[in-house]
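Observations on the model geometry
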Amino acid sequence: MSKVTFPRMGESWRTFKMLLEDLGNEVVVPPRPSKRTLDLGVRYSPEFACFPLKILMGTYLECIEMGADTIVTTGGVGPCRAGEYAMLHQKILKDLGHNMKMIVFEPPRHYPINFIRNVWTLNKARISIGGIISHIKRAWRKLQALDSVEKLSHVTRPREINSGNTTRVYRKVLDWIDQAYTTPQIIEAEAAALENMKNIPQDPQRMVLKVGIVGEIYVLLEPASNLEIEETLGNLGVEVEKSMFLTGWTRDNTWNETTERMTVTEAATPYLPELVGGHGRDSIGNTILCAKRGFDGMIQLAPFTCIPEIVARTILPRVSSDYDIPVLTFFLDEQTGKAGMSTRLEAFTDLMRRKKLLQLRTNCLTG
Amino acid sequence: MTIKVGIPGSLLYYLYYPMWRTFFNELGVQVVTSGKTTKNILDQGTREALADACVPIKLFYGHVMDIKEQVDYLYIPRVVCLNGKTVYCPKFLGLPDMIRYSIENVPPIIDVRMDTRQGRFALVKAYLAIGKILGAPKSLVLRAYVKAVGILYRYNRLLRKGWSPVAAMNFLDNQVGGTDFDGPLKPSLKFAVLGYPYAIYDSFISVNLIDKLMKYGVKVITAENIHPTLLALQKNCNLPKRLFWTLSDRALKAAHYLFNQNKIDGVLHLTAFGCGPDSLLNRLIEMEAKKHSNIPFMTLMIDEQTGDAGMTTRLEAFVDMVRRRKEVH
Ligand code: SF4
Ligand code: SF4
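Fair warning: this is a prediction, and the values are worked out from it, not measured in the lab.

Cut-offs used in this document
Within any chain, residue numbers begin from 1 and follow the written order of that chain's sequence. Chain letters start at A and ligand numbers start at 1, both assigned in the order the entries are written. It should be noted that, the model being predicted, local features are given only for residues of pLDDT at least 70 and side-chain atom pairs only at 80 or more, the latter also being counted only at that level, while totals for whole chains, interfaces and linings use all residues. Water and hydrogen atoms were dropped before computing side-chain values, which therefore reflect all heavy atoms in the structure. Nearness of a residue to a molecule or strand requires only that one of the residue's heavy atoms be within 4 Å of it. By the criteria applied, helices consist of DSSP H or I runs no shorter than four residues and strands consist of E runs no shorter than two, each listed in order from the N terminus. Each residue is assigned to one class: nonpolar for Ala, Val, Leu, Ile, Met, Phe, Trp, Tyr, Cys and Pro, charged for Asp, Glu, Lys and Arg, and polar for all the others, Gly among them. An automatic or database domain assignment supplies the start and end points of every domain. Between buried and exposed lies partly exposed: a residue is buried under 20% and exposed over 50% of the maximum accessible area for its type, with that area taken using a 1.4 Å probe on protein chains only. For this analysis, a polar contact is any N or O atom pair within 3.5 Å, provided that within protein one partner can donate a hydrogen and the other can accept it, and provided that sequence-adjacent residues contribute only side-chain to side-chain pairs. Only heavy atoms matter for contacts: two residues are in contact if any of them lie within 4.5 Å across the pair. When two parts are brought into contact, each loses some accessible area as probed by a 1.4 Å sphere; the total of that loss over both is the buried area. One side-chain nitrogen of Lys or Arg within 4 Å of one carboxyl oxygen of Asp or Glu is enough to make a salt bridge. Two strands form a pair only when DSSP identifies at least two bridges running between them. To get an axis, fit a line to the C-alpha atoms, keeping to the stretch in contact for a helix; angles then go from 0 to 180 degrees between the N-to-C directions.

Topic: the site of ligand 1
Residue and element names in this part refer to chain A. The environment of ligand 1 is formed by Cys50, Pro52, Cys80, Arg81, Ala82, Tyr85, Glu216, Gly278, Pro303, Cys306, Ile307 and Pro308. Those elements that place two or more of their residues in the shell around ligand 1 are helix H4 (82-95) and helix H14 (307-322). Counted by class, the shell around ligand 1 contains nine nonpolar, one polar and two charged residues. When residues of the shell around ligand 1 are sorted by domain, at least three fall in each of domain 1 (3-127) and domain 3 (209-367).

The structure is reproduced here in structure tokens:
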């Protein structure tokens, strides 16, 4: 029987594993990217390939060692490189003597047939269409549960009294959600998890800075690729809000109902009216929206040589000065070190804190 | 006073300058271009542009810096898609915005969007929009457009005959001169030079690659010398998906065509440091080259620091190697 694997992005693997198993597949869970993953990926990828492509290359090679022979991944229609990843991965793996089966999901709106055919191939258990839909719905609910506890961890970490508490509790509650199977179980596990997180002893008086994180989706979602930037920031007393979650695709529509009355695209248009692939335009739009919501700063995460984020990075300094919000960019690759990143983050936090104190003081005096 | 429009001498300059210049001149607008890349232009570009950008984008910044004080408008169209299928590199798509928001005191930018996927008349509409910005009457704009298209046709014909862009532009200007890539010596070898027009034809950043080869008695053929129909016949080059980007797609098709035709002695791929699409393109060409091991293949990477000496050594070694192989067989 074939063994299936897929790209790893943060904790989402728990959902994909469940879904693929429900459809009757044997799953190889992609391991968390490690030093070895990076080494493998770098060795077998083109030098200027983007960082996510390299990590995935390494991950696939590790999964092959673990017996995987089928890879499920996503395609895309450009204009960025991500849409061509699957093709290049397959070619390189073949060159190395691994004849992998690739199941590439293209955007269903452009390729409806491809979508149906892929689902059918993966449906080893020959479940009815209704069954598949209910499995997908349940998986989606689990993904939402994972996202909501992650979001809460960003709120509690900067306020926790005993350092390391949030991370410990977070690890524990993830397992609860992982074990939940039916929808009511998932809902119950989510509630218990959130409850547990809220009970972490916190200091409500502490001055917490709020920072938005924008950038390319893979490095935003996989902590191993961004050197756990959220945790580092949390420990520095910064609450982070990521602009992207796997379940957050629909958020662009709901934005209209917020006080900003503006979608991300609308916000970005004066600066970058063109879709430049990846999430370049979103990085600009989200920076503007976060500035309007009174955030203290923004961090842009971009893979080295990432085309859309380079375009965004070129324009962001102007946005930063127009909206008076500090922006810090990290171009990530296999050489980025955690120590260097921490130093830059500490300096950035200091800057934001001083700015905030100054603002508070002037507000007191004038108002 | 006549309006002055600046056209930076990089990126699409090598493919469309004759057309654009004709168009503006017909409207009675003076065109200022930065022309050939110089050391100074490169240095300015490196200083102004983002350090993580690719070399061609840095060069473009340098060309903008060179002319921005002398013109009323900068012409940086947002070229998205010109063939109804493939798009340009995302950096082209955001180019006007990058320039506008990261260089101080830039004159107004004419950044009309060109995307032929939007319908048959998308290009005419784009040129009408340019005319409107410059305050030219519609009939004049249409006449200028027709004339510009005619020039582009003649320019492309010259390129296909094997001329270099510089020679072809010269010829269209003066109706004299011009040679193909044969060079003075009787060429004994024939090489394909693949890469983006703004890299291989820019004699400064490519460190005179084409001239050097000519001096060694090598005839050069580039993607622009091949008839588009022959390239189109390559379909997707046996890939499940074609490359998204026009110029990368063209280079890959040229590689596919030339390797399979088997009439060349060597293939060079000139790639730019920090180029995103090239990370894919280069690997795909390399894989194609592997299948044709009888045709030697070499990748040359250029960056801001590429020196004459290093390039010469590598080229000479490659040419020698190819020549020796040829004598043996
Ligand atoms: S968005 Fe960036 S990282 Fe993602 S494929 Fe494009 S260039 Fe690569
Ligand atoms: S194709 Fe490559 S060299 Fe050209 S602009 Fe894009 S990234 Fe730069």
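Let's talk about the environment of Glu195 of chain A
Locating Glu195 of chain A in the fold gives a position in helix H8 (residues 183-198). Through-space distance from the C-alpha of Glu195 of chain A to that of Val149 of chain A is 9.8 Å; in sequence the pair is 46 residues apart.

What about the site of ligand 2?
In the vicinity of ligand 2, the contacting residues are Cys54, Pro56, Cys89, Lys91, Phe92, Tyr196, Tyr198, Cys275, Gly276 and Pro277 of chain B. Of the residues assigned to the shell around ligand 2, the class counts are eight nonpolar, one polar and one charged.

Here's the deal with the side chain of Thr37 of chain B
All names here are of chain B. Structurally, Thr37 is set in the loop between strand S2 (30-33) and helix H2 (39-48). Given the relative accessible area of 8%, Thr37 is considered buried. Polar side-chain contacts of Thr37 include one of 2.5 Å to the side chain of Asp202. Excluding anything up to four places from it in sequence, Thr37 contacts Leu59, His63, Asp202 and Phe204.

A closer look at the domain arrangement of chain B
By a frequent convention, interface size equals the accessible area lost on bringing the separate parts together. Residue and element names in this part refer to chain B. Taken domain by domain, chain B consists of domain 1 (4-159) and domain 2 (181-328). Taking only C-alpha atoms, the centre of domain 1 and the centre of domain 2 are 26 Å apart. The interface of domain 1 with domain 2 comprises 25 residues on the first partner and 25 residues on the second. Roughly 2,100 Å² is buried in total at the junction of domain 1 and domain 2, and carbon and sulfur atoms are behind 67% of that figure. If you sort the residues of domain 1 by the area they bury against domain 2, Tyr14, Val55 and Thr86 come out on top, with a joint share of 25%. Run the count over domain 1 and domain 2 and you get one salt bridge. Across the salt bridge formed by Lys58 and Glu304, the nearest N and O atoms sit 2.6 Å from each other. Where domain 1 packs against domain 2, one counts seven residue pairs in polar contact (both at pLDDT 80 or more). Those elements that provide at least two residues to the side of domain 1 that touches domain 2 are helix H1 (13-26), H2, helix H3 (55-67) and helix H4 (90-93).

So, the interface of chain A and chain B
Taken together, the contacts link 37 residues of chain A with 37 residues of chain B. In this assembly, chain A packs against chain B so that about 3,300 Å² is buried in total across both faces, 69% of it on carbon and sulfur atoms. Between the two partners, chain A and chain B, sit three salt bridges. Across the salt bridge formed by Asp95 of chain A and Lys290 of chain B, the nearest N and O atoms sit 3.0 Å from each other. At the boundary of chain A with chain B, the tally comes to six residue pairs in polar contact (both at pLDDT 80 or more).

Some remarks on the environment of Gly212 of chain A
Residues and elements named next belong to chain A. Take Gly212: it is sitting in strand S5 (residues 209-215). Using a relative accessible area of 0% as the deciding quantity, one classes Gly212 as buried. Each residue touching Gly212, except ones within four places of it in the same chain, is listed here: Glu241, Phe295, Gly297, Met298 and Ile299.

Regarding the sheet that holds strand S4 (residues 101-105) of chain A
Residue and element names in this part refer to chain A. The four strands are arranged S2-S1-S3-S4 in an open sheet whose pairing can be described as parallel. Both outer strands of the open sheet, strand S2 (26-27) and S4, are each paired with one neighbouring strand and no more. Where strand S3 (residues 70-74) meets S4, five bridges bridge the pair, whose relative direction is parallel. By the bridge assignment, Thr74 is partnered in S4 with Phe105. Each of S3 and S4 is contacted by helix H5 (residues 112-122), which is oriented at about 135° to S4, the strand it contacts most.

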